[in-house]
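Structural characterization, general
Take a look at the letters that make up each chain.
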Amino acid sequence: MRNFHMKFYENRKIFFTISLGIIAVGLIFNIVFGVKLDINFKGGAMIKYSYSGDVDAAKIESVVHDTVNRSVSAAVSQNIKSASGGETLNNVTLSFAGTESMSPDNQKAIQTALNKEYPKADFQVVESNSVNPTMGQSFFLKCMVAVLIAFLLLDFYIAVRFRKIGGTAAAVFGIVALLHDVAMVYFTFVLFRIPLDANFIAVVLTVLGYSLNDTVVVYDRIRENRRLLGLKAGYGSLVNISINQTFTRSVYTALSTFVAVAVVFVVGSFYHLTSVTTFALPMMVGVVSGAYSSICIAGPLYVMWEQHKTKEKASKLSLASQTEAKAADSKPVELPSAQPEEPASLEQKNETPRKSSGAKQKPKGKKKKR
């Protein structure tokens, strides 16, 4: 594979700006337009009609809204085989989110209005269901708990596997990358006005596994290069080398997955399979986001944290050495004390000074008689 020499860490500000910009746009759309919840999460009613010919989902939503004065989401499915396996049917599913059920009179009124708008379609009620709002909220909470448990398990796995390169930090920034991917998937539902349903949870869990796999590959290469190269070149160069070594693999994997999901999206759009397209479109965004976050988010954040730890450690050592130096300078210097003179011995005190040997003495002898 070709080995690139791109500076991912040095260009981290560009990557962070792109991600923050997309998140800002998504938040603005979310505040202005809100998010649509499917009846699985919010409760409501669902009515399925069979028809023939061609219909438009947006036109059906407008007709139904004018008839019953309630917000509705229409999903059109064409060429669906019947239970017997003989003929193919066209169905349109109307979803009414809320706390009110749909009475038989309203169902009849909707059928009459649709047949009036499409005289040759011959709309007939196939199925009618109602979801209790309490059950919808309970289902939503259970899905959130499932996502939270997945986050915790992934965090624990990364921390244990990559403990030699700072497992806790690697796990934290791996989770940051996963949260980035979840945000991108969520904003895809918001921007394209797709109701949050079971497909949202399915896409999130799938993207979590896909993105984590890509992040683990990058971390594994960082661990091997740290063992082989050490830290002489610095964390930035180490992570750049590791990401460049896995870049081709990451791009090829993301591209092949994206193409496969794109084919599913095109086929679902051609046959008007809304349940398929509402899964495939966010999944394509999640695949791209997963590869992007593993390369451009998790790696640079890991380098920033390790460099921060190194600077903090060096600062503590410098502060400790300065403190020791100041303590040594402020310590008073002790001068050696004077030794007391030893008293002279008695022999030295009583000893009289002797005359020098060179002094002349009078000779002792008899006096001379005169």
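Refer to the structure printed above.
So, here is what we can say about the structure in this document. (Residues numbered from 1 in each chain as written. Predicted model: local features only at pLDDT ≥ 70, side-chain atom pairs only at ≥ 80, totals over all residues. Heavy atoms only, no water.)

As for the nonpolar core
Leu208, Tyr219 and Ile222 are the most contacted members of the largest nonpolar core, which totals 58 residues. When residues of this core are traced back to their parent elements, those giving at least two are α1 (12–33), α5 (133–161), α6 (167–191), α7 (198–229), α8 (235–270) and α9 (274–330). At 13 residues, the largest contribution of residues to this core is made by α9. Excluding its chain neighbours within four sequence positions, the residues that come into contact with Leu208 are Ala150, Phe151, Leu154, Leu178 and Val182. Among the nonpolar cores identified, the runner-up in size contains 22 residues, and Val55, Ile60, Ala74 and Tyr118 belong to it. (Core = buried A, V, L, I, M, F, W, Y, C linked by side-chain atoms within 4.5 Å. Buried < 20%, exposed > 50% of the residue type's maximum accessible area, 1.4 Å probe, protein only. Helix = DSSP H or I, 4+ residues; strand = E, 2+ residues; numbered from the N terminus. Contact = heavy atoms within 4.5 Å.)

Here's the deal with the pattern of salt bridges
Within this structure, the stated rule accounts for seven salt bridges. Shared partners join several salt bridges into a network, and the residues in it are Arg161, Asp220 and Arg223. (Salt bridge = Lys/Arg side-chain N within 4 Å of Asp/Glu carboxyl O.)

Examining α8
The terminal C-alpha atoms of α8, which comprises 36 residues, lie 49 Å apart, in line with the 52 Å expected from a rise of 1.5 Å per residue. Approximately 45° is the largest bend angle found in α8, and it occurs at Thr246. A positive phi of about 55° marks His272, the residue just after α8. (Expected span 1.5 Å × (residues − 1). Bend = angle between axes of the 7 residues up to and from the residue.)

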